[in-house]
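# An overview of the molecular structure
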Amino acid sequence: MPEQTTPATTPDTPGLPAELLERFPELGDDPATYGGGRLGARLGIRLVEASPERVVGTMPVEGNTQPYGLLHGGASAALAETLGSVGAALHAGAGRYAVGVDLNCTHHRSATSGTVTGVATAVYRGRTAATYEIAITDDQGRRITSCRLTCMLRDS
């Protein structure tokens, strides 16, 4: 088994690997503000930690609700796909990219305020595909949504 090494991290965000700046130039000066492109930025997704094995991010409930004031299921799905895709892209490595091909979300309870946190954990990391389980919890640590994302890994 290859020796595990700790990736270099960015100075202002110790949980994020420096590779993120190289792989995702849109991160700019603050990698923590990366939200998976324009949609993620609109949703307020912030990365806290990122590696091929585990990605953690947060998203505010405010501004991401449906008409009844509950966190929108689509916002939860976008958070899940963002986190899993970042992990898959980091696993794929330089010269490759990840494309989500299957996303499943089960919504267990609602959130009406605060921040939700998503933790994407690698379930399978192969040469052509990667699968992540994503648990989304509220400020009290209660599970809001359970997701599974599979990404196809492609050459650039």
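Residues numbered from 1 in each chain as written. Predicted model: local features only at pLDDT ≥ 70, side-chain atom pairs only at ≥ 80, totals over all residues. Heavy atoms only, no water.

### With respect to the overall build of the chain
Helix and strand counts for the chain stand at three helices and six strands. Tracing the chain from N to C terminus, the helices and strands come up as α-α-β-β-α-β-β-β-β. The buried share among the 156 residues of the chain stands at 40%. Put simply, of all contacts in the chain between residues at least 6 apart along the chain, 58% involve residues at least 24 apart. For the chain, the exposed area adds up to about 8,400 Å²; of that, 49% sits on carbon and sulfur atoms. (Helix = DSSP H or I, 4+ residues; strand = E, 2+ residues; numbered from the N terminus. Buried < 20%, exposed > 50% of the residue type's maximum accessible area, 1.4 Å probe, protein only. Contact = heavy atoms within 4.5 Å. Areas by Shrake-Rupley, 256 points an atom, 1.4 Å probe, with all protein chains shown as cover.)

### A word on the confidence of the model for the chain
Put simply, the chain has an average pLDDT of 86, and 78% of its residues get 70 or more. Here residues 1-7 is modelled with pLDDT under 50, and outside its nearest four sequence neighbours on either side it reaches two contacts, counting other chains as well. (pLDDT = per-residue confidence, 0-100.)

### Regarding the environment of Leu 79
Among the structural elements, Leu 79 can be located in helix α3 (residues 73-92). Here Leu 79 falls in the buried class, since its relative accessible area comes to 0%. Taking the C-alpha atoms as reference, Leu 79 lies 6.9 Å from Ile 45; in sequence the two are 34 residues apart. Apart from the residues lying within four places of it in its own chain, the contact partners of Leu 79 are Ile 45, Gly 57, Thr 58, Met 59, Val 116, Gly 118 and Ile 136.

### A look at α3
When the terminal C-alpha atoms of α3 are compared, their 28 Å separation across 20 residues agrees well with the 28 Å that a helix rising 1.5 Å per residue should span. Judged by how many residues are buried, α3 sits mostly within the fold: 16 of 20 residues are covered. (Expected span 1.5 Å × (residues − 1).)

### Digging into the sheet that holds strand β1 (residues 46-50)
Here six strands make up an open sheet; going across it, the order is β1-β2-β4-β5-β6-β3 and the pairing antiparallel. Edge positions in the sheet fall to β1 and β3 (96-107), since each of these pairs with one other strand and no more. Averaged over all neighbouring strand pairs, the angle between strand axes comes to 20 degrees, with direction disregarded. Where strand β4 (residues 115-125) meets strand β5 (residues 129-137), eight bridges bridge the pair, whose relative direction is antiparallel. (Pairing = 2+ DSSP bridges. Axes fitted to C-alpha atoms, helices over the stretch in contact; angles between N-to-C directions.)

### Considerations on the nonpolar core
In this structure, Val 55, Met 59, Leu 71, Leu 79, Val 116, Ile 134 and Ile 136 are the most contacted members of the largest nonpolar core, which totals 29 residues. Looking at this core, the elements that each hand over two or more residues are β1, β2 (54-60), α3, β4, β5 and β6 (143-155). For this core, the leading source of residues is α3, giving nine residues. Beyond its immediate stretch of four places on either side in the chain, Ile 136 contacts Ser 76, Leu 79, Ala 80, Val 116, Thr 117, Gly 118, Arg 142, Arg 143, Ile 144, Thr 145 and Cys 147. (Core = buried A, V, L, I, M, F, W, Y, C linked by side-chain atoms within 4.5 Å.)

### With respect to the pattern of salt bridges
According to the stated counting rule, one finds five salt bridges in the structure shown. The residue Arg 96 makes a salt bridge to Asp 155 at a minimum N-O spacing of 2.9 Å. Here Arg 96, found in strand β3, pairs with Asp 155, found in strand β6; they are 59 residues apart in sequence, far enough to count as distant. When its relative accessible area of 16% is taken as the criterion, Arg 96 is described as buried. (Salt bridge = Lys/Arg side-chain N within 4 Å of Asp/Glu carboxyl O.)

### Digging into the pairing of β6
Note: β3 against β6, 11 bridges, orientation antiparallel. When the sheet's bridge partners are listed, Leu 103 is paired in β6 with Leu 149. Pairing of β5 with β6 involves nine bridges; the strand directions are antiparallel. Residue pairing across strands places Thr 131 opposite Thr 150, the latter belonging to β6. In textbook terms, the turn of a hairpin is the stretch between consecutive antiparallel strands, and for β5 and β6 this stretch comprises five residues, one of which, Gly 141, has a positive phi near 80 degrees.

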